Amino acid sequence: MESLPLRAELLGEEPYGAPTDRVPVRLNVNENPYPPPEAVVQAIGERLAEVAISLNRYPDREVKRLRSALANYVGRGITASQIWPANGSNEVMHQLLGAFAGPGRSMLTFSPSYSMYPVYARDTMTVFRSEERGSDFSINLDAAAAAIAADPPAVVIVASPNNPTGTPLSRSEVLSLHDLVAPAGVLVIDEAYAEFGDGTSALDLIEDLDRLVVVRTLSKAFGLAGLRLGYAVASADVVDALRIVRLPYHLSTTTQEAAIAALEFSDDLLAPVAEVVRERDQLMVWLSEQGIPFAQSQANYVLIGPLANSAEIFTGLRDRGVLIRETPIPGCLRVSIGTPAENEIFRKEFGEIVHRTGADS
Ligand SMILES: *Cc1c(COP(=O)(O)O)cnc(C)c1O
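Residues numbered from 1 in each chain as written. Predicted model: local features only at pLDDT ≥ 70, side-chain atom pairs only at ≥ 80, totals over all residues. Heavy atoms only, no water.

K.L.:
Provide a residue-level description of the sheet that holds strand β9 (residues 301-304), including the pertinent values.
P.N.:
Overall, antiparallel pairing links the three strands, which are arranged β9-β12-β11 in an open sheet. Sheet topology places β9 and β11 (325-326) at the edges, where each strand pairs with a single neighbour. In this structure, β9 lies alongside strand β12 (residues 333-336), joined through four bridges in antiparallel fashion. For Val302, the partnering residue across the bridge sits in β12 and is Val335. (Pairing = 2+ DSSP bridges. Helix = DSSP H or I, 4+ residues; strand = E, 2+ residues; numbered from the N terminus.)

K.L.:
Before we move on, can you summarise a nonpolar patch on the surface with the specific residues and values?
P.N.:
A surface patch of nonpolar side chains, about 310 Å² in accessible area, is lined by Leu4, Leu6 and Leu11. Within the secondary structure, Leu4 sits in the segment before β1 (25-26). (Patch = residues over 30% accessible without salt bridge, like charges linked within 9 Å, V, L, I, M, F, W, Y side chains within 5 Å. Areas by Shrake-Rupley, 256 points an atom, 1.4 Å probe, with all protein chains shown as cover. Salt bridge = Lys/Arg side-chain N within 4 Å of Asp/Glu carboxyl O.)

K.L.:
So, the side chain of Thr327: which residues are in play, and what are the values?
P.N.:
For Thr327, the location among the structural elements is in the loop between β11 and β12. Of note is the side chain of Thr327, whose polar atom sits 3.1 Å from the backbone nitrogen of Ile329. Polar contacts involving the side chain of Thr327 include one to the main-chain carbonyl oxygen of Cys332, which spans 2.9 Å. Contact partners of Thr327, with chain neighbours within four places excluded, come to Pro164, Leu303, Cys332, Leu333 and Arg334. (Polar contact = N/O pair within 3.5 Å; in protein donor to acceptor, adjacent residues only side chain to side chain. Contact = heavy atoms within 4.5 Å.)

K.L.:
Would you mind going over the site of the ligand in detail, with residue names and values included?
P.N.:
Neighbouring residues of the ligand: 13 residues in total, closest Asp190, Tyr193, Thr217, Ser219 and Lys220. A distance of 3.4 Å is found between an oxygen atom of the ligand and a side-chain nitrogen or oxygen belonging to Lys220. The separation between an oxygen atom of the ligand and a polar side-chain atom of Arg228 is 2.8 Å. If the ligand stood free it would expose 390 Å²; the protein chains cover 94% of that surface. (Near = heavy atom within 4 Å.)

K.L.:
Outline the nonpolar core, supporting the account with residue identities and numerical values.
P.N.:
Inside soluble globular proteins, nonpolar side chains tend to come together where they are buried. Counting residues in each nonpolar core, the largest one holds 81 residues, and the members touching the most others are Leu212, Phe346 and Phe350. Broken down by element, this core gets its largest block of residues, seven residues, from helix α10 (residues 272-290). Of the residues that make up this core, three or more belong to each of domain 1 (15-34 + 272-357) and domain 2 (38-268). Filtering out sequence-adjacent residues up to four positions away, Phe346 remains in contact with Leu27, Leu283, Ile304, Leu317, Val322, Ile324, Val335 and Gly351. One finds Met107, Val119, Ala159 and Val238 within the second-largest nonpolar core, a separate group that totals 29 residues. (Core = buried A, V, L, I, M, F, W, Y, C linked by side-chain atoms within 4.5 Å. Buried < 20%, exposed > 50% of the residue type's maximum accessible area, 1.4 Å probe, protein only. Domains from an automatic or database assignment.)

K.L.:
Go over the pairing of strand β3 (residues 106-111) with me, naming the residues and quoting the values.
P.N.:
Counted residue by residue, β3 has six buried out of six residues, so it is predominantly covered. Residues Ser106, Leu108 and Phe110 line one face of β3 and the alternating positions Met107, Thr109 and Ser111 line the opposite face, and both faces are buried. Examined bridge by bridge, β3 and strand β4 (residues 127-132) share six bridges and lie parallel to one another. Bridge pairing in β4 places Phe110 opposite Glu131. Following the chain from β3 across helix α4 (residues 117-123) to the adjacent parallel β4, one finds a crossover that is right-handed. Of the pairings in the sheet, the one linking β3 to strand β5 (residues 155-159) comprises two bridges and is parallel in character. The partner of Met107 across the bridge, within β5, is Val155. (Right-handed = clockwise from strand over helix to strand, strands pointing away.)

K.L.:
Got a sec to walk through the pattern of salt bridges? Specific residues and values, please.
P.N.:
Charged atoms that come close allow side chains of opposite charge to pair. Under the counting rule described, the total for this entry stands at 21 salt bridges. Of the charged contacts in the structure, one is a salt bridge between Arg246 and Glu62, with a shortest N-O distance of 3.2 Å. Of the two residues, Arg246 is situated in the loop between α7 (236-245) and α8 (253-263) and Glu62 in the loop between α1 (38-51) and α2 (64-74); the sequence distance between them amounts to 184 residues. Judged on exposure class, the residue Arg246 and its partner Glu62 are both buried. Note that Arg280 and Asp281 form a salt bridge whose closest N and O atoms lie 3.1 Å from each other. Assessed through its relative accessible area of 4%, Arg280 is described here as buried. The exposure class assigned to Asp281 is partly exposed, which follows from its relative accessible area of 34%. The network of salt bridges with shared partners includes Glu62, Arg67, Asp240, Arg243 and Arg246.

Structure, rendered in structure tokens:
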């Protein structure tokens, strides 16, 4: 059979996706381990039943009520005109490249980082560039300055806390990067995990920095990964640019209404964050006690390593019903924080395998 007339850069590519083995303990995609509380389930169900009658009509193209609800959640004097929601923060960042990057332009990130960034670049025909992080996964600002001056990127995307390392950017690093990127480009800070951090957020800089875009999601701390809702916070001008590239009626009535209903319960939905943070900190203490290396995390996962035999540890855990994540960082594995019971099982099985394989020596 003749091969399809695909774009050359898509030939042989596989769709993105973590393995979704149905094992008992799944600690591989940084989900919140708890389902939404009963009151939220009720509220979403009622709201969807109310709007089902209007599904013959297209949704609100401008997503006005949901943008107001998100602005209210974000606070800091940010208005609905500065908020742009889409189907997950992945779609938001894809739209950002669609608006600001594209053919003849480049984006820059700092590796290791989220594996989807090069995919957005490929799909929008943007040149993908990346500078290596240091051994502690920090960004070398001098090297960043040189790379940006040599060939100014249209978009710079930095995850904070970073995935898969869990390491955050400081306020002064965001300020320095913005100085380097603006006004020729746009600086995107991907705060998918910010709610698990110490409260530092680039949202506090939105009013001062007009080329700054902060991207957030309901997929992680809110525990609503299945809802598919992420949003950008930026100047109203940046939001207007995203409105140009979005597909018509990109956010369904059901998504908009379910998200509005959920945001009325943001305190209840975010309640488990404190437990996850406690469990993460306990895991890091345990790793130190075991003499196992790891990166200091501000997210709901911990990067463990480098370990000898990390591949063997990964499959050993999977055989014992515990799925974690392999990473492109040599010898490093990433584990999401689950329920206390799941974390206990992880520590027991991981500890046994590591000591048996002598991987920590
Ligand atoms: C999980 C994750 C997201 C969230 O994606 P959604 O499309 O909002 O589910 C964004 N950025 C990073 C770095 C992530 O790990």
